[in-house]
Amino acid sequence: MPLYFQVAEQLERAITDGELLPGERIANEIALADSLGLSRPTLRQAIQTLVDKGLVVRKRGVGTLVVSSQIRRSVDLTSLYDDLVAEARSPRTELLGLQRSAARPVEAAELQLSLGTPVWRVRRLRLVGDEPLALLSNTIPADVVDLEAVDLTAVGLYAFLRSCAVNIRVAHQNIGARRASASEARSLALRRGEPVLTMRRTAFDDGGRAVEVGSHAYRPDLYSFRTTLVAR
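Treat the numbers as computed from the prediction; the structure is a model and nothing was measured. (Residues numbered from 1 in each chain as written. Predicted model: local features only at pLDDT ≥ 70, side-chain atom pairs only at ≥ 80, totals over all residues. Heavy atoms only, no water.)

## Thoughts on the sheet that holds strand 8 (residues 168-179)
- Taken together, 6 strands build an open sheet; the order of strands is 5-6-7-10-9-8 and the sheet is antiparallel. Of all the strands in the sheet, the pair left with one neighbour each is strand 5 (91-102) and strand 8. Here the average twist between neighbouring strands, direction ignored, is 15°.
- The pairing of strand 5 with strand 6 (residues 118-128) spans 11 bridges and is antiparallel. Paired with Glu94 across the bridge in strand 6 is Leu125. (Pairing = 2+ DSSP bridges. Helix = DSSP H or I, 4+ residues; strand = E, 2+ residues; numbered from the N terminus. Axes fitted to C-alpha atoms, helices over the stretch in contact; angles between N-to-C directions.)

Structure below.
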């Protein structure tokens with residue numbers, strides 16, 4: 001087994017066992033290499049292995065920091081808030097914007113509405129602890145629910161819909177990736193142009209009505225989608 005891999009494995013075990021905690025800084029690579037009796041290229045390769053796994057991140061002027069373990073989300077018809085609660089990950093939400101206005105052409109087409117029909121637009125930042133994870137933008141027909149009647153920093157959007165007897169049964173979803181815009185990078189603690197995972201979803205209730213369009217951007221170092229494939 002390559003020496004760099006052995007070192008990476010030991011550091012990974014320290015992270016998963018809680019000996020190295022999220023936000024904790026790993027010792028300077030030069031000092032760590034000297035203390036372990038390793039060459040600097042060997043240690044650098046070991047650290048890069050952890051970076052590739054999403055366990056640590058390098059920050060200029062700060063060093064190498066341990067990050068929270070990546071959230072692997074099954075591609076099921078659930079909400080991010082519900083998934084994080086189920087994993088005991090303590091989600092936190094900042095409300096970035098809420099407005100009621102006329103549906104734009106793309107929104108009207110996706111929600112099967114007449115152009116100009118009133119809709120709610122809500123934009124939120126979802127965090128795990130103090131770590132920003134995702135930017136969530138959602139559009140909902142105004143006659144489905146009243147979003148001014150709920151504190152979306154305290155409850156998930158899908159949970160609120162369920163409480164209003166809006167039961168989402170089917171959704172069409174596209175998953176992709178692109179470069180973060182300047183505003184997305186600021187919100188997600190990324191550099192402008194770094195990649196983000198994307199998801200766009202149109203959800204339908206049990207009567208077949210389109211009730212929500214979501215457009216989300218996720219940090220790829222903290223988040224991934226997981227699917228199960230079955231041969232026919």
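The structure having been displayed, the exposition proceeds.
## Let's talk about the environment of Thr16
- Mapped onto the elements of the fold, Thr16 is located in helix 1 (residues 3-16).
- Owing to a relative accessible area of 55%, Thr16 belongs among the exposed residues under this scheme.
- Between the alpha carbons of Thr16 and Leu55 there is a distance of 9.2 Å; along the sequence they are 39 residues apart. (Buried < 20%, exposed > 50% of the residue type's maximum accessible area, 1.4 Å probe, protein only.)

## Quick notes on helix 3 (residues 40-52)
- The first and last C-alpha atoms of helix 3 sit 18 Å apart over 13 residues, in line with the 18 Å expected at 1.5 Å per residue.
- Restricting attention to buried positions, one finds in helix 3 the residues Thr42, Leu43, Ala46, Ile47, Thr49 and Leu50. Along helix 3, the residues classed as buried sweep out an arc of 150° about the axis, all on the same side. Residues of helix 3 that are exposed and angled more than 90 degrees away from the buried face: Pro41 and Asp52.
- At its buried positions, helix 3 is contacted by helix 1, helix 2 (29-36), strand 2 (56-59) and strand 3 (63-66). (Expected span 1.5 Å × (residues − 1). Arc of directions from axis to C-beta. Contact = heavy atoms within 4.5 Å.)

## A look at the sheet that holds strand 2
- Spatially, the 3 strands line up as an open sheet ordered 1-3-2, and their pairing is antiparallel. Edge strands, defined here as strands with exactly one partner in the open sheet, are strand 1 (25-26) and strand 2.
- In this structure, strand 1 lies alongside strand 3, joined through 2 bridges in antiparallel fashion. Looking at strand 3, one finds that Ile26 is bridged to Thr64.
- Together, strand 2 and strand 3 form the strand contacts of helix 3, whose direction differs from that of strand 2 by roughly 115°.

## A short note on the packing of helix 1 against helix 3
- At a minimum axis separation of 8 Å, helix 1 and helix 3 run at an interaxial angle of 50°. Classified by the angle their axes make, helix 1 and helix 3 are oblique. Where helix 1 crosses over helix 3, the two elements pack in a sense that is right-handed. Every residue of helix 3 that contacts helix 1 at Leu3, Tyr4, Val7, Ala8, Leu11 and Glu12 is listed here: Thr42, Leu43, Gln45, Ala46, Ile47, Thr49 and Leu50.
- Split into classes, the residues belonging to the contact of helix 1 with helix 3 amount to 9 nonpolar, 3 polar and 1 charged. (Parallel < 35°, antiparallel > 145°, perpendicular 65-115°, else oblique. Left-handed = near helix turned anticlockwise from the far one by under 90°. Nonpolar A, V, L, I, M, F, W, Y, C, P; charged D, E, K, R; others polar.)

## Overview of the side chain of His216
- In this fold, His216 is placed in strand 10 (residues 210-218).
- Polar contacts involving the side chain of His216 include one to the side chain of Asn138, which spans 3.5 Å.
- Of the polar contacts made by the side chain of His216, one reaches the side chain of Tyr218; its length is 3.2 Å.
- In this view, His216 contacts Leu135, Leu136, Ser137, Asn138, Leu197, Thr198 and Met199; residues no more than four positions away in its chain are not counted. (Polar contact = N/O pair within 3.5 Å; in protein donor to acceptor, adjacent residues only side chain to side chain.)

## Concerning the pairing of strand 9 (residues 195-205)
- Counting buried positions over the 11 residues of strand 9 gives 9, a clear majority of the element.
- Strand direction decides the pairing type here: strand 8 and strand 9, joined by 11 bridges, are antiparallel. The residue bridging Gly176 from the neighbouring strand is Thr198, located in strand 9.
- Here strand 9 runs beside strand 10; their pairing, made up of 8 bridges, is antiparallel. Pairing of Phe204 across the sheet is with Ala210, part of strand 10.

## So, the pattern of salt bridges
- Here the structure, examined in full by the defined rule, presents 9 salt bridges.
- The residue Glu107 makes a salt bridge to Arg121 at a minimum N-O spacing of 2.7 Å. Within this pair, whereas Glu107 is found in helix 5 (residues 105-111), its partner Arg121 is found in strand 6, the two being separated by 14 residues in sequence. No difference in accessibility class separates Glu107 from Arg121, as the two residues are buried.
- Linking Glu131 and Arg219 is a salt bridge whose minimum nitrogen-to-oxygen distance equals 3.0 Å. Linking Glu131 in strand 7 (residues 131-141) with Arg219 in the loop between strand 10 and strand 11 (223-226), this pair joins segments that are 88 residues apart in sequence. (Salt bridge = Lys/Arg side-chain N within 4 Å of Asp/Glu carboxyl O.)

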